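Summary of the model geometry
Residue strings, one per chain:
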Amino acid sequence: MLTTSKQTFSLARRYGNIYRLYCGNTTMVILNSSEIIREALVKKWSDFAGRPHSYTGDKVSGGGQSISLGDYSEEWKTHRRLAHSALQRCTADSLHSIIEKQALHLKQVLLDYNEKAVDLSEDFTVAASNVITTLTFGKSYNKSSVELQELHGCLNEIVALWGSPWITALDSFPLLRWLPNPPFSRLMKEVARRNELIRTHLEEFKVQTEGLNKGVTLTAIRMHMTIVDLLIGGTETAAAWLSWAIAFLLHRPEVQAAVHEELRTVLQGQDPRYSDRHRLPYLCAVINEVLRLRPVAPLAVPHKASRDSRIAGYFIPKDTVIIPNLFGAHHDPEVWSDPYSFRPERFLDRGGGSLRALMPFGGGARLCLGESVAKMELFLFTAYLLRDFQFMPASQEEPLPDLRGVASVVLKARPYRVIARPRAK
Ligand code: HEM
């Protein structure tokens, strides 16, 4: 079993920047500093771009044919390149207006709450999900849409079931695969349901991608898994990040006020554009500080050594599983002064840390495929929200949001309620 990022972090402080763990007959090496993670993922990317193979991973990824779970191969490289160039084209052509539309829709949802104390996490999920469904299916949904509920219910169930001990045990103990296992049967049912839901949208997506890549096509299953990759990779991550940003700002109203003041003076009543980021350094510093303190994929996705290699001078045999502990690297006291404090200024003045050591999207051949989409989303959503609303605690009696979070594949904030008060024009 994988340890949570918090446990992994404590182990890092105890055993150093690189250590080995044994899990059944799998050897794992945990990397805890940004320099070491960079050495493996970026400098020696071709040694560590693999993904570990697992029985259950194959079951949820159409036999390892997704970008995120597929092992490094020529076919995988073509798959990732096609998906990447399709996303880059969308980023250049239409992403800005897609995100803007969702930011304005989110604004209306918040206005409709009429300063009621509410949990916004589902609204953030819908906003992030709509960016991806607009890119892939050309469609967006309302929170109450049955289609959206069905899709999310199904994807969340798959992620939750896949992480459950009943199912991970099947990877380490093959004999268990012969015994009845109700959670595994449920997982298989959800995977079939997911495939059916996505199949209905596949043709449209295929047309878009073929157009963008001038005749180079993917097999139907790879095309299908790309949609799954984008929906799973791009929804809960961005939504969780938005919840974290508001949670930190509730703890630090003076930071929220300073971001609003920067937005007000720089934008002078205009709507934010992504190109404004160069004129909004404090907002960018806040975004980076939230990414540092709560990297929403705290242990990235496991890598695999595809040949014998070395990291930090240590011999790493082929097939070793490599875990980049991004959470640990972002709290390394050698790099970040006062690493647990929320101090956006550290990204403005030298000495508080270094942008080079900030790696929330991983790096190298497996760098987050949606990095440019995510960066534009985080910037535009936050700029619109903080320009138009003051976020306030639900009440005097209710405690401020718990900043410890819930550790799982995605590091999420614990549920909390907040009041969004519209700013005077
Ligand atoms: C992979 C972070 C948003 C799609 C990853 C990885 C990280 C990450 C750490 C693993 C890198 C590795 O294996 O070393 C984040 C963060 C996000 C975010 C912090 C937002 C705050 C998105 C979005 C999309 C996306 C919006 C889709 C549009 C993917 C995919 C992969 C991935 C497909 C697998 C890449 C591969 O295996 O080659 N992400 N992500 N992510 N992400 Fe993201």
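Residues numbered from 1 in each chain as written. Predicted model: local features only at pLDDT ≥ 70, side-chain atom pairs only at ≥ 80, totals over all residues. Heavy atoms only, no water.

Per an unreviewed UniProt entry, the protein is named Steroid 21-hydroxylase, and its organism is Electrophorus electricus.

1. What to know about the overall build of the protein
Stated formally: A run of DSSP states H or I qualifies as a helix once it reaches four residues; a run of E qualifies as a strand once it reaches two. Both are numbered from the N-terminal end. Throughout, the radius of gyration refers to the C-alpha atoms, and the reference size of a globule is 2.2 Å times the residue count to the power 0.38. Categorising residues by exposure relies on relative accessible area from a 1.4 Å probe, with only protein chains included: less than 20% of the type maximum marks a residue as buried, more than 50% marks it as exposed, and the intermediate range marks it as partly exposed. Charge counting treats Lys and Arg as positive and Asp and Glu as negative, with His and both chain ends excluded. Every charge is mapped to an atom, namely NZ of Lys, CZ of Arg, CG of Asp or CD of Glu.
What the protein contains, in helices and strands, is 14 helices and 8 strands. Relative to the 2.2 N^0.38 estimate, which gives 22 Å for 425 residues, the radius of gyration of the protein is 21 Å and therefore close to what a compact globule would have. Seen through its principal axes, the protein has C-alpha atoms that stretch 65 × 50 × 45 Å. Burial status across the protein gives 51% buried among its 425 residues. In the protein, which carries 52 positive and 44 negative side-chain charges, the distance between the mean positions of the two groups comes to 4 Å.

2. Some thoughts on the site of the ligand
Put simply, the test is: The criterion for a residue being near a molecule or strand is simple. One of its heavy atoms has to lie within 4 Å of it. In protein, a polar contact requires one atom able to donate a hydrogen and another able to accept it; more generally it is a pair of N or O atoms within 3.5 Å, and residues adjacent in sequence count only if both atoms are side-chain atoms. Each residue is assigned to one of three groups, with Ala, Val, Leu, Ile, Met, Phe, Trp, Tyr, Cys and Pro labelled nonpolar, Asp, Glu, Lys and Arg labelled charged, and all others, Gly among them, labelled polar.
Around the ligand, the structure places 27 residues, and the nearest of them are R51, R80, H303, R366 and C368. Here an oxygen atom of the ligand sits 3.0 Å away from a polar atom, N or O, in the side chain of R366. At the level of secondary structure, the elements contributing two or more residues to the shell around the ligand comprise α5 (74–113), α10 (220–251) and α14 (371–388). When residues in the shell around the ligand are grouped by element, the largest group, 5 residues, is from α10. Taken together, the residues of the shell around the ligand break down into 15 nonpolar, 7 polar and 5 charged.

3. As for the coordination of the iron atom of the ligand
Note the threshold: Atoms are scored as donors when they are N, O or S and lie within 2.8 Å of the metal, with 3.2 Å used for Na, K and Ca; no water is included, so coordination may look incomplete.
A lone protein donor binds the iron atom of the ligand: C368 (SG), at 2.3 Å. The residue C368 is located in the loop between α13 (326–330) and α14 in this model.

4. A word on the packing of α5 against helix α6 (residues 121–137)
To characterise two packed helices, one gives the angle between the axes of the helices and the distance between these axes. The following threshold applies: To get an axis, a line is fitted to the C-alpha atoms, and for a helix only the part in contact is used. The angle between two axes follows their N-to-C directions and goes from 0 to 180 degrees. What sets the label is the angle itself: under 35 degrees gives roughly parallel, over 145 gives roughly antiparallel, 65 to 115 gives roughly perpendicular, and the rest give oblique. By definition, any crossing whose near helix is turned counterclockwise from its far helix by less than a right angle is left-handed, and any crossing with a clockwise turn is right-handed. Note on contacts: a residue pair qualifies if any of its non-hydrogen atoms lie within 4.5 Å across the two residues.
It is at 9 Å that the axes of α5 and α6 come closest, and there the two elements cross at 150°. Taken together, α5 and α6 sit at an angle that is classed as roughly antiparallel. Viewed along their axes, α5 and α6 form a crossing whose handedness is right-handed. Contacts between α5 and α6 involve L87, C90, L95, I98, I99, Q102, L106, V109 and Y113 from the first element and D123, F124, A127, N130, V131, T134 and L135 from the second.

5. A look at the side chain of E39
Looking at where E39 falls in the secondary structure, it is placed in helix α2 (residues 34–43). Residue class for E39 comes out buried when judged on its relative accessible area of 16%. For E39, the residues in contact, after removing those within four places along its chain, are K44, R310, I311 and A312.

6. Details of helix α7 (residues 146–162)
Heads up, the rule is: A helix's residues, less one, multiplied by 1.5 Å, set its expected span.
Between the first and last C-alpha of α7 there are 24 Å, a value that for 17 residues agrees with the 24 Å anticipated at 1.5 Å per step. Along α7, the residues classified as buried are L148, L151, H152, C154, L155, I158 and L161. The backbone nitrogen of E147 lies 3.3 Å from a side-chain oxygen of the residue at the head of α7, namely S145.

7. Some points on the packing of aromatic side chains
Let me state the cut-off plainly: Pairs were defined over the aromatic rings of Phe, Tyr and Trp, the Trp ring being its six-membered one, requiring ring centres within 6.5 Å. Orientation was assigned from the angle between planes: stacked under 30 degrees, edge-to-face over 60, tilted for the rest. Charges are assigned to positions over rings by a cutoff of 6 Å between ring centre and Lys NZ or Arg CZ, combined with an angular limit of 35 degrees from the ring normal.
Tallied over the entire structure, the rule returns 8 aromatic pairs. With 6.1 Å between their ring centres and 70° between their planes, W45 and Y72 make a pair best called edge-to-face. Residue W45 is located in helix α3 (residues 45–48), and its partner Y72 is located in the loop between α4 (55–60) and α5; the two are separated by 27 residues in the primary sequence. The partly exposed category is assigned to Y72, whose relative accessible area is 26%. The interplanar angle of 15° and the centroid separation of 5.1 Å between the aromatic rings of F248 and F342 together place this pair among those described as stacked. Highlighted residues: F248 in helix α10 and F342 in the loop between α13 and α14, separated in sequence by 94 residues. Here F248 and F342 have matching classes, each one buried. Over the face of the ring belonging to Y274 we find R277, whose NZ or CZ atom lies 3.9 Å from the ring centre. Here the guanidinium or amino end of R292 rests over the ring plane of W336, the centre of that ring lying 5.3 Å away.

8. Concerning the environment of F327
Structurally, F327 can be placed in helix α13. Taking relative accessible area as the criterion, F327 reaches 10% and is therefore assigned buried. Taking the C-alpha atoms as reference, F327 lies 21 Å from L348; in sequence the two are 21 residues apart.

9. Some points on the side chain of H330
Locating H330 in the fold gives a position in helix α13. Note on H330: relative accessible area 0%, which makes it buried.

10. Topic: the pattern of salt bridges
We apply this condition: Think of a salt bridge as a Lys or Arg side-chain nitrogen and an Asp or Glu carboxyl oxygen that are within 4 Å of each other.
A complete count under the given rule lists 27 salt bridges for this structure. E100 is paired through a salt bridge with R273; the nearest N and O atoms lie 3.5 Å apart. With a gap of 173 residues between them, E100 in helix α5 and R273 in the loop between α11 (253–267) and α12 (281–293) connect regions that are remote in the sequence. Here R421 and E115 are joined by a salt bridge, their closest N and O atoms 2.9 Å apart. Of this pair, R421 sits in strand β8 (residues 418–422) while E115 sits in the loop between α5 and α6, and the two are 306 residues apart along the sequence. With a relative accessible area of 34%, R421 lands in the partly exposed category. Of the residues examined, E115 reaches a relative accessible area of 35% and is grouped as partly exposed. Salt bridges sharing partners connect three or more residues here, namely K107, D271, R387 and D388.

11. Some remarks on the sheet that holds strand β2 (residues 26–31)
In plain terms, the rule: Note on pairing: two strands pair once DSSP finds at least 2 bridges between them.
Reading across from one edge, β1-β2-β6-β3 is the order of the 4 strands in this open sheet, with mixed pairing throughout. Across the chains shown, the open sheet's two edge strands, defined by having one partner strand only, are β1 (18–23) and β3 (303–304). The pairing of β1 with β2 spans 6 bridges and is classified as antiparallel. Counted as the bridge partner of Y22 is T27 from β2. Of the strands in this sheet, β1, β2, β3 and β6 (321–324) are in contact with α2, which crosses β2 at around 125°.

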